[in-house]
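# Structural description and commentary
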Amino acid sequence: MSQLAATTSTDQALVISGLTRRFGGVTALNGVSLGVALGETRALIGPNGSGKSTLINCVSAVDRWDEGTVTLGGAPIKGRDPVGAARRGISRTFQTLRLFDEMTVLENVMVAMHHARGYGLFSAITLGPRFRKAENRMRHEARELLALTGVERDAERQAGTLPYGHRRLVEIARSLALKPTLLLLDEPAAGLNDTETARLAELVRRIARPDLSILVVEHNMEFVTSVASQVTVLDNGNIIAEGTPAEVREHPEVLRAYLGSSEDDK
Amino acid sequence: MIIQPLVSGLAIGGIYALLAVSFLLTYRVSGVLNFAQGEFVMVGAFVASTVAGIAGIPLIAAALLGVGAAAFAGVAMERVTYRPLRNKPHASMIISTVAVGIVLTQAAQLIWGPNPRTLPSLVPNVSIDFLGSRISTVSLFLIVISAVLIVALHLVLTKTRLGRQLEATSVDSDTAQLMGIRTGRLVIIAFAISTGLAGVAGILVAPMFSVTVGLGVLIALKAFAACVIGGFGNLPGAAIAAVGLGVVENLAGTFIGTDSKDLIAFGLMIAFLIVRPQGIFGAKVGEKL
């Protein structure tokens with residue numbers, strides 16, 4: 001199976017080329033190349049163990065890789081440097097929720113605003129105008145993001161006490177607080193019911209902007225079809241198909257990969 | 001009759017509280033109980049007393065240098081022992097803090113020798129009449145400074161960006177990094193503030209005793225007891241417990257006898273560990289140990 005090389009053009013925000021990641025003798029990613037254009041929402045699908053999570057972990061620089069490059073806006077991303085990746089505009093959510101449960105919803109969102117204008121400790125201790133202005137602005141922006149995702153009424157609650165579906169939405173609000181140029185959504189519909197999934201799809205379409213690339217890893221094909229214009233299919237660490245949701249659904253390799261695996265039924 | 005021991009109790013309780021919050025600050029961010037915390041009390045006092053002995057240097061400058069030295073020593077400790085060991089088993093890290101304490105004690109012994117030194121108080125020691133009792137200005141000064149510092153620290157931790165970032169780092173450091181938070185830098189800041197506060201405690205408490213290598217040992221143990229009693233997850237709770245402990249042991253010292261002080265403090269700690277390990281206000285000891 002030959003790789004489907006991503007078309008590298010200037011409007012590609014994220015370019016992954018020849019990405020290989022091995023864990024001992026297992027090759028989790030085998031020379032994967034893929035691009036996400038600015039303004040594009042691309043889905044990454046594939047059976048369990050196909051390498052989707054490894055790919056997300058590489059792009060968000062949680063993990064490192066053995067070969068290949070990841071670039072954002074033309075500049076390379078370094079492996080095992082999540083702080084650097086976040087500060088370059090790569091933001092992600094997690095398959096298993098990872099909110100700061102002990103903090104309020106509002107604080108969860110505010111904590112991700114690393115780009116916000118700071119203030120000195122002196123200004124904070126003396127409650128100076130810079131401190132108040134910066135804090136008020138962050139608070140205001142955080143509330144706007146919570147309103148966008150529809151959980152503004154939970155703002156003052158402890159994140160850990162929220163119902164599951166709400167926590168998913170808070171995580172999306174928090175990931176947007178980074179002002180990302182690339183948003184990685186790791187199985188955002190996992191654990192949601194049909195109504196919640198439909199609402200989430202609507203939200204993902206709403207947050208799409210011309211200056212934001214979204215890469216969404218998801219099992220739910222209905223969800224994928226409703227949010228993504230392009231789909232990349234991974235199987236055993238290789239890209240086996242790429243195209244529109246409709247094209248990918250009919251692709252023989254994809255059918256084989258999915259029917260051949262007993263794990264995935266969605 | 002009761003006013004005087006009460007005020008002294010509040011003063012020493014304030015010192016315990018300063019050290020208790022300094023304990024918790026690094027404990028929460030790094031997950032490590034720093035058993036060398038008491039030695040930073042001694043470092044601050046020794047450096048201040050040495051600098052104060054040089055002619056022409058004002059006492060306040062000596063005090064600030066002492067605090068700076070304690071903070072600097074804390075950062076050095078973070079660099080040399082905490083950072084290389086942070087992914088190792090927790091036991092290694094805890095043992096390393098004990099070792100750092102011993103190293104600091106021995107180093108101080110070598111530098112400053114066995115003879116106790118003195119450090120004058122930043123305020124003149126005057127007895128003033130208060131509701132018929134004589135209370136000392138030094139005690140009042142201790143109460144005011146520790147209260148101001150603890151309230152300021154609490155506000156920084158709960159109301160500012162630095163506080164949110166420290167909290168996020170203590171809850172989940174990996175996720176905090178993905179939010180663009182430079183967690184390594186925050187751990188350094190936490191160590192600097194924490195050991196700096198221990199240095200402040202040293203400068204405040206030194207005029208009441210004399211400056212020896214063991215100056216901070218008992219204070220740190222009492223602060224630790226206060227954390228157990230107040231609850232490790234709760235900074236204001238530990239501070240309140242520390243003040244309470246200072247008052248209770250001082251009243252006991254006055255009305256029962258000096259020997260009862262430590263007995264009561266550590267008896268309470270043992271009782272809490274057995275009966276209410278989460279402390280009065282919350283989280284259990286050992287969850288992050």
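For the structure itself, look to the data block above.
Residues numbered from 1 in each chain as written. Chains lettered and ligands numbered in written order. Predicted model: local features only at pLDDT ≥ 70, side-chain atom pairs only at ≥ 80, totals over all residues. Heavy atoms only, no water.

## A closer look at the overall build of chain A
Within chain A, the secondary structure is distributed over 10 helices and 10 strands. Rg of the C-alpha trace for chain A: 19 Å, near the compact-globule value of 18 Å for 266 residues, within the 12% margin. Dimensions of chain A, computed from C-alpha atoms along their principal axes, come out at roughly 65 × 40 × 35 Å. Across chain A, every contact between residues at least 6 apart in sequence was considered, and the portion connecting residues at least 24 apart equals 67%. Accessible surface computed for chain A: about 11900 Å², of which carbon and sulfur atoms make up 51%. When the 31 basic and 32 acidic side-chain charges of chain A are each reduced to a single mean position, those positions are 9 Å apart. (Helix = DSSP H or I, 4+ residues; strand = E, 2+ residues; numbered from the N terminus. Rg over C-alpha atoms; globule rule 2.2 N^0.38 Å. Contact = heavy atoms within 4.5 Å. Areas by Shrake-Rupley, 256 points an atom, 1.4 Å probe, with all protein chains shown as cover. Lys, Arg positive; Asp, Glu negative; His and termini not counted. Charge placed at Lys NZ, Arg CZ, Asp CG, Glu CD.)

## As for the packing of aromatic side chains
Scanning all chains against the criterion turns up seven aromatic pairs over all chains. Taken together, a centroid distance of 5.9 Å and an interplanar angle of 55 degrees make the contact between Phe23(B) and Phe224(B) tilted. Placement of the pair is Phe23(B) in helix α1 (residues 3-30) and Phe224(B) in helix α9 (residues 217-230), with a sequence separation of 201 residues. Their ring planes at 70 degrees and their centres at 5.8 Å tell us that Phe224(B) and Phe232(B) sit as a pair that is edge-to-face. Side by side, Phe224(B) and Phe232(B) carry an identical accessibility label, which is buried. One aromatic cluster is present, formed by Phe23(B), Tyr27(B), Phe35(B), Phe224(B) and Phe232(B) through successive ring pairs. Sitting over the face of the ring of Phe94(A), Arg98(A) holds its NZ or CZ atom 4.3 Å from the ring centroid. (Phe/Tyr/Trp six-rings, centres within 6.5 Å; stacked < 30°, edge-to-face > 60°. Buried < 20%, exposed > 50% of the residue type's maximum accessible area, 1.4 Å probe, protein only. Lys NZ or Arg CZ within 6 Å of the ring centre and 35° of its normal.)

## Observations concerning the interface of chain A and chain B
Reports often express the size of an interface as the amount of accessible area lost when the parts come together. On the side of chain B, 21 residues touch chain A, which itself brings 33 residues to the contact. Taking both sides of the interface into account, the surface hidden between chain A and chain B amounts to around 2100 Å²; carbon and sulfur atoms contribute 65%. Together, Val83(A), Phe100(A) and Val111(A) form the three largest contributors to the area buried by chain A at its contact with chain B, with a combined 24%. As a salt-bridge pair, Arg98(A) and Asp172(B) come within 3.8 Å of each other at their nearest N and O atoms. Across the chain A-chain B interface, the total number found is seven residue pairs in polar contact (both at pLDDT 80 or more). Tallied by class, the residues present in the side of chain A that touches chain B amount to 19 nonpolar, four polar and 10 charged. (Buried area = accessible area lost by both parts, 1.4 Å probe. Salt bridge = Lys/Arg side-chain N within 4 Å of Asp/Glu carboxyl O. Polar contact = N/O pair within 3.5 Å; in protein donor to acceptor, adjacent residues only side chain to side chain. Nonpolar A, V, L, I, M, F, W, Y, C, P; charged D, E, K, R; others polar.)

## With respect to the sheet that holds strand β5 (residues 75-76) of chain A
Residue and element names in this part refer to chain A. Strand order in the open sheet made by the four strands is β2-β1-β4-β5, with antiparallel pairing throughout. Looking at the sheet topology across the chains shown, the edges are occupied by β2 (26-37) and β5. Of the pairings in the sheet, the one linking strand β4 (residues 67-72) to β5 comprises two bridges and is antiparallel in character. Counted as the bridge partner of Thr71 is Pro76 from β5. (Pairing = 2+ DSSP bridges.)

## Regarding the side chain of Ser146(B)
Residues and elements named next belong to chain B. Along the chain, the position of Ser146 falls in helix α5 (residues 137-159). By relative accessible area, which is 1% here, Ser146 ends up buried. There is a polar contact of 2.4 Å between the side chain of Ser146 and the backbone oxygen of Leu142.

## Some details on the sheet that holds strand β10 (residues 238-243) of chain A
Residue and element names in this part refer to chain A. Taken together, the six strands give an open sheet; going across it, the order is β6-β7-β8-β3-β9-β10, and neighbouring strands pair in mixed fashion. Each end of this open sheet is capped by a strand with a single partner; those strands are β6 (90-92) and β10. For this sheet the average axis-to-axis angle between neighbouring strands, irrespective of direction, equals 20 degrees. Summarising the sheet, strand β3 (residues 41-45) and strand β8 (residues 213-217) pair through four bridges and their orientation is parallel. Across the sheet, Ala43 pairs through a bridge with Val216, a residue of β8. Taken strand by strand, helix α1 (residues 52-59) contacts β3, β6, β7 (182-186), β8 and β9 (230-235), and its axis lies near 150 degrees from that of β7. Sheet contacts for helix α6 (residues 164-177): β6 and β7; angle to β7, the most-contacted strand, approximately 160 degrees. (Axes fitted to C-alpha atoms, helices over the stretch in contact; angles between N-to-C directions.)

## Points about the environment of Ala271(B)
By the element assignment, Ala271(B) lies in helix α11 (residues 260-275). Along the chain, Ala271(B) and Leu221(B) lie 50 residues apart, while their C-alpha atoms are 15 Å from each other.

## Quick notes on unusual backbone geometry
Residues and elements named next belong to chain A. Unusually for a residue other than glycine, Ala61 sits at a positive phi of about 65 degrees. Structurally, Ala61 is set in the loop between α1 and β4. The class for Ala61 is buried, based on a relative accessible area of 0%. Of note in this structure, Arg80 is not a glycine but carries a positive phi near 50 degrees. Here Arg80 lies in the loop between β5 and α2 (82-87).

## Structural notes on a nonpolar patch on the surface
Judged by side-chain polarity, Met1(B), Ile2(B), Phe255(B) and Ile256(B) come together as a nonpolar surface patch covering roughly 490 Å² of accessible area. Counting through the fold element by element, Ile256(B) comes out in the loop between α10 (235-255) and α11. (Patch = residues over 30% accessible without salt bridge, like charges linked within 9 Å, V, L, I, M, F, W, Y side chains within 5 Å.)

## Quick look at the pattern of salt bridges
Residues and elements named next belong to chain A. If you walk through the whole model with that rule in mind, you get 25 salt bridges over all chains. When the shortest N-O distance is used, the salt bridge between Arg157 and Asp154 registers 3.6 Å. Among the residues examined, Asp154 registers a relative accessible area of 7% and is labelled buried. Here the residues in one salt-bridge network are Arg21, Asp63, Arg64 and Asp66, joined through shared partners.

## Looking at the nonpolar core
By size, the foremost hydrophobic cluster in this structure holds 144 residues, and its most contacted members are Leu200(A) and Val233(A). For this core, the element with the most residues is α1(B), which contributes 14 residues. A domain-level breakdown of this core finds at least three residues from each of domain 1 (1-89 + 181-266) and domain 2 (99-179) of chain A. Non-local contacts of Val233(A), meaning those with residues more than four positions away in its chain, are made with Ile45(A), Asn238(A), Ile239(A), Ile240(A), Ala241(A), Val248(A), Val254(A) and Tyr258(A). Within the second largest apolar cluster, 25 residues are counted, among which are Ile16(A), Val36(A), Ile56(A) and Trp65(A). (Core = buried A, V, L, I, M, F, W, Y, C linked by side-chain atoms within 4.5 Å. Domains from an automatic or database assignment.)

## Concerning the pairing of β10(A)
Residues and elements named next belong to chain A. Of all six residues in β10, five are buried; the element is thus mostly enclosed. In terms of strand pairing, β9 meets β10 through five bridges, oriented antiparallel. Residue pairing across strands places Val233 opposite Ala241, the latter belonging to β10.

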